[in-house]
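Survey of secondary and tertiary structure
What follows is each chain in one-letter form.
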Amino acid sequence: MALAAPLAAQPIVPAADAQCRSDAALIRTTGDTALSFQIEVADTPESRAQGLMFRRNLPAGEGMLFVYPEPQPVSFWMRNTLIPLDLIFFDETGVIRHIHRNARPLDETPIPGGAVGDPRPDRLMVLEIAGGEAARLGLAAGQQLAHPALDRTTAAWPCR
């Protein structure tokens with residue numbers, strides 16, 4: 001059930017009704033509401049290496065979820081990426097630990113998955129969305145992801 005969306009095309013759902021699907025990333029923004037992103041999953045070395053390279057657009061409400069086999073330090077760059085992106089980095093429990101906003105197209109400067117001084121820099125997942133969307137939607141460190149790729153026994157917000 002989608003509620004009236006003051007945030008343009010971004011689906012907002014009651015957190016209690018949010019249904020996990022492999023093609024959706026749910027981020028709980030408050031105790032009772034969540035944002036739903038239509039996603040592609042990059043969970044192989046090849047798909048993670050390709051990412052969103054050469055794409056000319058990424059509509060609001062869509063993204064790519066990079067899933068690693070285990071938590072690890074990660075770093076991204078924008079080689080061959082033609083659009084600005086927000087990169088949202090999640091720990092092994094699905095909690096947002098760091099957001100890199102508006103990564104510049106074609107920039108090869110490394111984008112680390114952890115903020116300077118983060119005592120737990122390992123990441124299990126990274127969600128790439130259109131540049132500027134994280135700020136527009138109010139995404140912030142501490143918010144929680146629900147996705148079937150998270151271990152239900154350790155997820156901060158386990159799938160239903």
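For clarity, every value in this text was computed on a predicted model and none was experimentally measured.

Reading guide: rules and limits
Residues numbered from 1 in each chain as written. Predicted model: local features only at pLDDT ≥ 70, side-chain atom pairs only at ≥ 80, totals over all residues. Heavy atoms only, no water. Disulfide = S-S within 2.5 Å. Helix = DSSP H or I, 4+ residues; strand = E, 2+ residues; numbered from the N terminus. Buried < 20%, exposed > 50% of the residue type's maximum accessible area, 1.4 Å probe, protein only. Core = buried A, V, L, I, M, F, W, Y, C linked by side-chain atoms within 4.5 Å. Contact = heavy atoms within 4.5 Å. Phe/Tyr/Trp six-rings, centres within 6.5 Å; stacked < 30°, edge-to-face > 60°. pLDDT = per-residue confidence, 0-100. Salt bridge = Lys/Arg side-chain N within 4 Å of Asp/Glu carboxyl O.

**Points about the state of the cysteines**
In this structure the tally under the stated criterion is one disulfide. In this model Cys20 forms its disulfide with Cys159; the gap between the sulfur atoms is 2.1 Å. In this structure, the disulfide formed by Cys20 and Cys159 twists by about -90 degrees around the S-S bond and is classed as left-handed. With a gap of 139 residues between them, Cys20 in the loop between strand S1 (12–14) and strand S2 (24–28) and Cys159 in the segment after strand S10 (144–146) connect regions that are remote in the sequence. Side by side, Cys20 and Cys159 carry an identical accessibility label, which is buried.

**As for the nonpolar core**
Membership of the largest hydrophobic core comes to 22 residues, with the highest contact counts inside it found for Ile27, Phe37, Ile88, Phe90, Met125, Leu127 and Leu139. Only S2, strand S3 (33–42), strand S4 (62–72), strand S6 (85–90), strand S7 (96–103), strand S9 (123–130) and helix H2 (133–137) provide two or more residues apiece to this core. At four residues, the largest contribution of residues to this core is made by S9. Apart from residues lying up to four places away in sequence, Met125 is in contact with Leu65, Phe66, Val67, Ile88, Phe89, Phe90, Leu145, Ala149 and Leu150. One finds Leu52, Val74, Phe89 and Ala103 within the second-largest nonpolar core, a separate group that totals 16 residues.

**What about the packing of aromatic side chains?**
For any pair of aromatic rings, geometry is given as the distance between the ring centres together with the angle between the planes. All told, the structure shown has two aromatic pairs when counted by the stated rule. Ring centres 5.0 Å apart and planes at 85 degrees place the aromatic pair Phe66 and Phe76 in the edge-to-face group. Taken together, the residues span a long stretch of sequence, with Phe66 in strand S4 and Phe76 in strand S5 (residues 75–76) at a distance of 10 residues. Taking the relative accessible area as the measure of exposure, Phe76 reaches 10% and is therefore buried. Aromatic side chains Phe76 and Phe89 sit 6.0 Å apart centroid to centroid with 80 degrees between the ring planes, which places their arrangement in the edge-to-face category. Of this pair, Phe76 sits in strand S5 while Phe89 sits in strand S6, and the two are 13 residues apart along the sequence. Phe89 sits in the buried class, given a relative accessible area of 0%. Grouping aromatic residues by their ring pairs yields a cluster made of Phe66, Phe76 and Phe89.

**Some points on the confidence of the model for the chain**
Residues at a pLDDT of 70 or more form 94% of the chain, whose mean pLDDT is 93. A low-confidence stretch, residues 1–7 (pLDDT under 50), is modelled with 13 contacts involving residues beyond four sequence positions or located in other chains.

**Digging into the pattern of salt bridges**
Evaluated as defined, the whole model comprises eight salt bridges. Arg55 serves as the salt-bridge partner of Glu40, at 2.8 Å between the closest nitrogen and oxygen. Of the two residues, Glu40 is situated in strand S3 and Arg55 in the loop between helix H1 (45–50) and S4; the sequence distance between them amounts to 15 residues. Note that Asp107 is salt-bridged to Arg104, the shortest N-O span being 2.3 Å. For Arg104, a relative accessible area of 53% translates into the label exposed. Through salt bridges with shared partners, a single ionic network connects Arg97, Asp118 and Arg123.

**Describing unusual backbone geometry**
Unusually for a residue other than glycine, Phe54 sits at a positive phi of about 70 degrees. Tracing the chain through its elements places Phe54 in the loop between H1 and S4. Phi is positive for Leu106, which is not a glycine, with a value near 65 degrees. Among the secondary structure elements, Leu106 is positioned in the loop between S7 and strand S8 (111–112).

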